[in-house]
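Results of the structural survey
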Amino acid sequence: MTNDIKKEIMALAGPDLSLVEQALEANLTPNLDLVRQVAGHLLFAGGKRLRPLLMIHAARMCGFQTGQEIEFSTIFEYLHAATLLHDDVVDGSDTRRGKPCAHTLWNAPAVVLTGDFLLATALVIAARTKSPRVIEVIAQITADMSQGEIFQMEKKGNPDLTEDEYNEIIERKTAVLIQGACRTGAIVAKAGQNQEIALKNYGWHLGMAFQMADDLLDYTATADQLGKNPGADMREGKLTLPLIYSLGKADARDREWMLAAMARPQFEPAAFQGLKERLTRLGGIEYTNNRALGHVQSARSALDIFPESASKHLLELIADYSILRKV
């Protein structure tokens, strides 16, 4: 089923994805070759281009199809790439999308400054929309994402992180960017308020589901599927919903074991397997999956006000795929 949905998404989105790739290349015009090398290392490493696709088809669903939606959509891929470059430096990650992280090949200052350049590029393209509201949305996204990263850093390693705090982190780190892509599609199309609110809600719920699915994959997928070693969140001291829920349900013995495992400087495969067994037994995996499913259903429901179209169908497929995917 997962492969069928992926094939259908690719069939519907294939032509747009080719145009997005061309636009990303055309708009990446740094003066320094080093910046192009660092940016290109991540930017063209096989990302899903989810956020540009969402903006393109949100705009089309609202009646805007001028070709400009392709260029405008790159705003959200540049923003996404910028945050990944910064996050990998902050987290000390070593692999991303199956490749060495940029800061392992170039020095960290060069990578951080390249992230800044990609952020600036996103703002330059946002200005081309000549829409103060688009610029306002992009500015708010960057503020929220920065605060989300800082909040997560402050809470790193805290075994008492609550589900509400976790939701705030993933909203700021992931959902606001996906929500902003969908909302910007409505804004550039000059859609009515009801349509803009519907797309805003769709994007928020999709973003929450997408991040919860990511957090599940960190415990359930293989290294080949992820393009990095599973358990990265655990090793970096990040508590995500499967662990938060399971800690809340654990008896004293299980909780003590889990906290001791989290405290180890090296997280061995045997310990990771032991943790996975507890997350399954204590219900953390199932609970997270159910919460993600609820967000998917809410995302799909938000689109009910729109008439049937190829773009609406694609957005519905993306919502379904967000929690069925293995990468």
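An account of the accompanying structure is given in this report.

Cut-offs and rules
Residues numbered from 1 in each chain as written. Predicted model: local features only at pLDDT ≥ 70, side-chain atom pairs only at ≥ 80, totals over all residues. Heavy atoms only, no water. Helix = DSSP H or I, 4+ residues; strand = E, 2+ residues; numbered from the N terminus. Rg over C-alpha atoms; globule rule 2.2 N^0.38 Å. Contact = heavy atoms within 4.5 Å. Areas by Shrake-Rupley, 256 points an atom, 1.4 Å probe, with all protein chains shown as cover. Lys, Arg positive; Asp, Glu negative; His and termini not counted. Charge placed at Lys NZ, Arg CZ, Asp CG, Glu CD. Phe/Tyr/Trp six-rings, centres within 6.5 Å; stacked < 30°, edge-to-face > 60°. Buried < 20%, exposed > 50% of the residue type's maximum accessible area, 1.4 Å probe, protein only. Expected span 1.5 Å × (residues − 1). Arc of directions from axis to C-beta. Axes fitted to C-alpha atoms, helices over the stretch in contact; angles between N-to-C directions. Nonpolar A, V, L, I, M, F, W, Y, C, P; charged D, E, K, R; others polar. Salt bridge = Lys/Arg side-chain N within 4 Å of Asp/Glu carboxyl O. Polar contact = N/O pair within 3.5 Å; in protein donor to acceptor, adjacent residues only side chain to side chain.

Let us look at the overall build of the chain. Across its full length, the chain holds 16 helices and 2 strands. Taking 20 Å as the expected radius of gyration for a compact globule of 327 residues, we find that the chain reaches 20 Å, a close match to that expectation. Once the C-alpha set of the chain is aligned to its principal axes, its extents read approximately 60 × 45 × 35 Å. Counting only contacts in the chain whose residues sit at least 6 apart along the sequence, the fraction spanning at least 24 positions is 75%. Carbon and sulfur atoms make up 53% of the accessible area of the chain, which totals about 14,500 Å². Each charge class in the chain can be summarised by its mean position, and for the 35 positive and 41 negative side chains these summaries are 2 Å apart.

Now for the packing of aromatic side chains. Per the stated rule, a full pass over the model turns up 2 aromatic pairs. Relative to Tyr-287, the ring of Tyr-245 lies with its centre 4.1 Å away and its plane at 10°, an arrangement referred to as stacked. One end of the pair, Tyr-245, is in helix H12 (residues 241-249); the other, Tyr-287, is in helix H15 (residues 284-302), with 42 residues separating them in the sequence. We classify Tyr-287 as partly exposed; its relative accessible area is 23%.

Attention now goes to helix H14 (residues 269-281). For H14, which comprises 13 residues, the first-to-last C-alpha distance of 18 Å matches the rise-based estimate of 18 Å (1.5 Å per residue) to within 8%. Of all the residues in H14, the buried ones are Ala-271, Phe-272, Gly-274, Leu-275, Arg-278 and Leu-279. Buried residues in H14, looked at end-on, bunch into an arc of 160°, giving them a common side. Of the exposed residues in H14, the ones pointing more than 90 degrees away from its buried face are Pro-269, Ala-270 and Thr-280.

At a minimum axis separation of 9 Å, H12 and helix H13 (residues 252-263) run at an interaxial angle of 145°. When H12 is examined against H13, the residues Leu-243, Ser-246 and Leu-247 are found in contact with a partner set consisting of Arg-255, Met-258, Leu-259 and Met-262. Class assignment of the residues belonging to the contact of H12 with H13 gives a composition of 5 nonpolar, 1 polar and 1 charged.

Let us look at the pattern of salt bridges. Counting across every chain of the model gives 21 salt bridges. Between Asp-254 and Arg-281 there is a salt bridge, and its shortest N-O distance comes to 2.9 Å. Placement of the pair is Asp-254 in helix H13 and Arg-281 in helix H14, with a sequence separation of 27 residues. Judged by its relative accessible area of 9%, Asp-254 is buried. Between Asp-320 and Arg-300 there is a salt bridge, with the nearest N and O atoms lying 2.7 Å from each other. Of this pair, Asp-320 sits in helix H16 (residues 310-324) while Arg-300 sits in helix H15, and the two are 20 residues apart along the sequence. Under the relative-accessibility criterion, Arg-300 is labelled partly exposed at 29%.

Secondary-structure assignment places Ile-135 in helix H7 (residues 132-155). Each C-alpha atom, one on Ile-135 and one on Lys-48, is 24 Å from the other, the two residues being 87 residues apart in sequence. Discounting chain neighbours no more than four positions away, the residues touching Ile-135 are Ala-126 and Ala-127.

As a further point, take the side chain of Gln-179. Secondary-structure assignment places Gln-179 in helix H8 (residues 163-188). In terms of polar contacts, Gln-179 uses its side chain to reach the backbone carbonyl oxygen of Lys-200, at 3.3 Å. Apart from residues no more than four positions distant in its own chain, Gln-179 is found in contact with Lys-200, Gly-203 and Trp-204.

Now for H15. Between its terminal C-alpha atoms H15 stretches 27 Å, which fits the 27 Å expected from 19 residues at 1.5 Å a residue. Taken residue by residue, H15 has Gly-284, Ile-285, Thr-288, Ala-292, His-295, Val-296, Ala-299 and Ala-302 as its buried positions. Each buried residue of H15 lies within a common arc of 120° when the element is viewed along its axis, so the set occupies one face. Away from its buried face, by an angle of more than 90 degrees, H15 presents the exposed residues Glu-286 and Gln-297. Packed against the buried residues of H15 are helix H9 (193-220), H12, H14 and H16.

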